[in-house]
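Observations on chain architecture
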Amino acid sequence: MMMPSSETVIPTPSDRKISLKPHSSQLSILKPNVIAEPLINQWYAWSFLLSPATAARYLTESHLKVMESFIAAPQVHASAIKDPKMLGGPFIHYGPERLAEIRALLEKTRTEQQPLIELSGAIAQLEHRLTRHPAGASLEPLYAEVPELLKGYVELVYDSHNHPSLRLIEGLLYRSEYYRSASQSIMLRLGDSDSRAFVLSTPRLEEDGALQLHIPFCDPRLDALFSMRHKPGSVAEMAAALELKGVQLEQFEAFFEPSEIPSETPSDTPSDTRYRETAGVRIRYFGHACVLLESNGVSILCDPLVSYAPLPEQQDCMIRYSYADLPETIDYALITHNHQDHVMLETLLQLRHKIRHVVVPSSNKGSLIDPSLKLVLQQIGFPSVQALDELEAIPLPQGRIVSLPVLGEHGDLNIGAKNAYLIQLQGRSILCAADSNNLEPRLYEHLSHLFGPLDLLFIGMECDGAPFTWAYGPLLTQPTAHKMAQTRRLDGSNAERRSPWSISSTHNRFMSMPWAKSPGSPTSPPSNTGPIRYPSRNPIGLSPPVGSGGL
């Protein structure tokens with residue numbers, strides 16, 4: 001297997017480390033129900049809002065339009081959010097009483113984000129011009145007609161069928177005025193994460209008890225802050241590092257609780273919680289598509305999405321794994337594909353201080369609908385990001401991680417950024433296939449021939465999925481017929497599409513995060529959602545179920 005080439009890392013402020021060494025004996029940790037939401041322009045952050053071109057399109061074709069719709073008819077939105085069938089739709093989750101705030105945010109966005117608004121228009125203008133170009137004729141004369149805002153940021157290309165398109169020079173766009181880290185912030189608040197409203201169509205407004213930290217995602221102070229989920233530190237020193245005073249300081253202090261640790265334990269030397277058994281693989285299912293695999297000091301977290309621990313008084317809350325159940329170090333965080341519920345920035349930013357390497361699928365270079373995950377994560381402070389092509393491998397002690405090709409889930413769009421991961425450890429083979437769709441069984445016949453039988457498969461199934469325009473509509477500059485969108489869905493395999501690959505056990509994940517789900521996704525959990533301990537010489541056994549949980 002080929003090894004990934006050496007990585008070029010974009011320098012970010014997170015290369016600087018911050019170490020908090022409290023001067024008093026009173027140490028504190030973040031309360032388990034402190035929710036930390038990353039925001040961009042007050043909207044819940046995900047990868048398409050970071051890459052400048054996709055951010056521009058989402059701004060004009062989604063965010064501005066949703067706010068305009070709310071201002072025009074707030075009661076319609078208020079009625080829609082009460083209907084479970086409308087969950088995931090373009091409806092703001094506030095009542096008419098917040099109308100003035102939404103109007104103010106709309107005007108603020110139009111003023112501050114004018115460069116992105118103009119960039120979105122330039123992309124649409126250029127793509128429309130390309131559709132009128134004589135088929136197969138040289139594209140060279142069109143460079144003179146590229147909108148001024150895009151000059152030097154695009155290449156005009158043909159595919160093998162003489163269909164013209166633009167190729168974005170993404171790395172250069174990140175170094176232009178179109179990428180503004182000043183639009184990024186973190187909102188901290190105490191709450192019950194299980195009852196959160198749908199986040200992707202609702203901007204975050206000011207609320208009692210919430211504190212918004214106006215710092216970019218790459219800021220190393222976030223690593224120091226989030227390490228206090230498991231490593232006690234000084235609240236005063238952390239607040240000073242964040243330059244909090246007055247009311248903000250009072251709000252910040254409310255997010256912490258005292259921590260009792262042995263006086264002989266150095267505060268900057270946390271206990272090593274790695275799995276150290278010399279034989280066997282321990283597997284724990286954290287919910288949704290998130291799986292933690294550990295073997296003799298090696299830890300791998302696939303599609304990181306971690307729950308907040310329930311409070312003692314939440315008697316009816318599902319018991320689940322949380323941040324407290326993670327090891328001190330995560331050697332590899334694997335991302336299967338570039339959808340909101342698999343590139344979960346809310347979790348990734350809180351784990352950045354633990355993660356040594358992030359592994360992502362390679363995208364189609366410069367494609368508007370397929371932005372580079374590697375560039376996204378490097379830009380927000382992850383120092384080591386490896387992009388794997390199909391069948392590339394990363395060696396591990398007594399094993400390897402292999403990226404496998406994936407079909408489906410993206411509405412037939414030409415998306416390169418999608419991998420399944422075969423994790424081979426101590427003679428065992430575990431496949432994390434997330435939302436892959438068995439459209440072509442022969443693919444798995446080939447893979448089975450190459451890699452042999454599987455011991456365990458994690459996969460999402462029985463999902464109708466939303467029309468592909470739910471995720472990609474704002475990126476498309478040509479209208480899509482409703483009938484066409486309905487036939488092309490963001491769906492996974494169903495029970496009839498059984499893989500020909502020999503598998504000892506299958507674990508079906510479920511949609512455990514209704515606050516970020518797409519229409520058509522299931523919400524009820526399967527029965528076998530407990531942690532899995534995978535001994536080296538015994539068949540898979542489910543330990544006493546604790547539930548898979550959800551944010």
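Because the structure is predicted, anything quoted here is derived from the model rather than measured. (Residues numbered from 1 in each chain as written. Predicted model: local features only at pLDDT ≥ 70, side-chain atom pairs only at ≥ 80, totals over all residues. Heavy atoms only, no water.)

So, about the overall build of the protein. Regarding its fold elements, the protein presents 13 helices and 22 strands. In the form shown here, the protein has an accessible surface area of approximately 23,200 Å², with 52% of it arising from carbon and sulfur atoms. (Helix = DSSP H or I, 4+ residues; strand = E, 2+ residues; numbered from the N terminus. Areas by Shrake-Rupley, 256 points an atom, 1.4 Å probe, with all protein chains shown as cover.)

Attention now moves to unusual backbone geometry. Notably, Gln42 is not glycine yet its phi reads approximately 75°, a positive angle. Here Gln42 lies in the loop between strand 2 (34-40) and strand 3 (43-44). Here Leu391, not a glycine, exhibits a phi torsion of approximately 70°, which is positive. As for its placement among the helices and strands, Leu391 is situated in the loop between strand 14 (385-388) and strand 15 (393-396).

This paragraph deals with the pairing of strand 18 (residues 428-434). Look at any regular strand and the pattern is simple: side chains alternate between the two faces of the sheet. Strand 18 sits mainly inside the fold: seven of its seven residues count as buried. On strand 18, burial covers both faces: Arg428, Ile430, Cys432 and Ala434 on one face and Ser429, Leu431 and Ala433 on the other are all buried. Where strand 17 (residues 420-425) meets strand 18, five bridges bridge the pair, whose relative direction is antiparallel. By the bridge assignment for strand 18, Leu425 is matched with Arg428. Hairpin connection from strand 17 to strand 18: two residues lie between these consecutive antiparallel strands, with Gln426 at a positive phi of about 45°. With four bridges connecting them, strand 18 and strand 19 (residues 456-460) associate as parallel partners. Following the sheet pairing, Ala434 is matched in strand 19 by Ile459. Of the crossover connections in this fold, the one passing from strand 18 over helix 11 (residues 441-451) to the parallel strand 19 is right-handed. (Buried < 20%, exposed > 50% of the residue type's maximum accessible area, 1.4 Å probe, protein only. Pairing = 2+ DSSP bridges. Right-handed = clockwise from strand over helix to strand, strands pointing away.)

This paragraph deals with the sheet that holds strand 7 (residues 211-213). A sheet is described by the order of its strands in space; here four strands give the open sequence 3-2-6-7, paired in antiparallel fashion. At either margin of the open sheet sits one strand with a lone partner, and together these are strand 3 and strand 7. Pairing between strand 6 (residues 184-190) and strand 7: three bridges, direction antiparallel. Bridge pairing links Leu188 to Leu211 in strand 7.

Let us now look at the confidence of the model for the protein. Summary statistics for the protein give a mean pLDDT of 86 and a share of 83% for residues scoring 70 or more. For residues 1-16, every residue scores under 50 in pLDDT, and the model assigns this stretch 36 contacts once sequence neighbours within four places are set aside. In this model, residues 262-271 is a region of pLDDT below 50 whose contacts with residues beyond four sequence positions or in other chains number eight contacts. (pLDDT = per-residue confidence, 0-100. Contact = heavy atoms within 4.5 Å.)

This brings us to the pattern of salt bridges. Pairs can form between side chains of opposite charge whenever their charged atoms are close. A complete count under the given rule lists 19 salt bridges for this structure. Between Arg282 and Glu294 there is a salt bridge, and its shortest N-O distance comes to 2.8 Å. Highlighted residues: Arg282 in strand 9 (residues 281-287) and Glu294 in strand 10 (residues 290-295), separated in sequence by 12 residues. Accessibility expressed as a relative area gives 2% for Glu294, which makes it buried. As a salt-bridge pair, Glu294 and Arg284 come within 3.1 Å of each other at their nearest N and O atoms. Taken together, the residues Glu294 in strand 10 and Arg284 in strand 9 connect sequence positions 10 residues apart. Per residue, the accessibility class of Glu294 equals that of Arg284, and both read buried. The network of salt bridges with common partners includes Glu37, Arg189, Arg196, Arg204 and Glu346. (Salt bridge = Lys/Arg side-chain N within 4 Å of Asp/Glu carboxyl O.)

Further remarks concern the pairing of strand 14. Pairing of strand 13 (residues 355-361) with strand 14 involves four bridges; the strand directions are parallel. Each bridged residue has a counterpart across the sheet, and for Val359 the counterpart in strand 14 is Gln386. Between the parallel elements strand 13 and strand 14, the chain passes through helix 10 (residues 373-379) in a crossover that is right-handed.

Mapped onto the secondary structure, Lys418 falls in the loop between strand 16 (399-404) and strand 17. It turns out Lys418 is buried and unbridged, and the closest side chain with the opposite charge, Glu390, is 7.5 Å from it. (Lys, Arg positive; Asp, Glu negative; His and termini not counted.)

Two elements in contact, helix 1 (residues 52-72) and helix 3 (residues 99-112), have axes whose closest approach is 9 Å; the angle formed by their N-to-C orientations is 150°. Considering the angle they form, helix 1 stands roughly antiparallel to helix 3. Considering only the axes of helix 1 and helix 3, their crossing is left-handed. Within the contact between the two elements, helix 1 uses Leu59, Leu64, Met67, Glu68, Phe70 and Ile71 and helix 3 uses Leu99, Ile102, Arg103, Leu105, Leu106, Thr109 and Arg110. Of the residues that constitute the contact of helix 1 with helix 3, the class distribution is nine nonpolar, one polar and three charged. (Axes fitted to C-alpha atoms, helices over the stretch in contact; angles between N-to-C directions. Parallel < 35°, antiparallel > 145°, perpendicular 65-115°, else oblique. Left-handed = near helix turned anticlockwise from the far one by under 90°. Nonpolar A, V, L, I, M, F, W, Y, C, P; charged D, E, K, R; others polar.)

Now for helix 3. With 14 residues, helix 3 should reach 20 Å at 1.5 Å per residue; the first-to-last C-alpha distance of 20 Å fits that figure. Buried within helix 3 we find Leu99, Ile102, Leu105, Leu106 and Thr109. Each buried residue of helix 3 sits inside an arc of 125° when the element is viewed along its axis, so together they form one side. Set apart from the buried face of helix 3 by more than 90 degrees, the exposed residues are Ala100 and Thr111. Considering only its buried residues, helix 3 is in contact with helix 1 and helix 4 (114-131). (Expected span 1.5 Å × (residues − 1). Arc of directions from axis to C-beta.)

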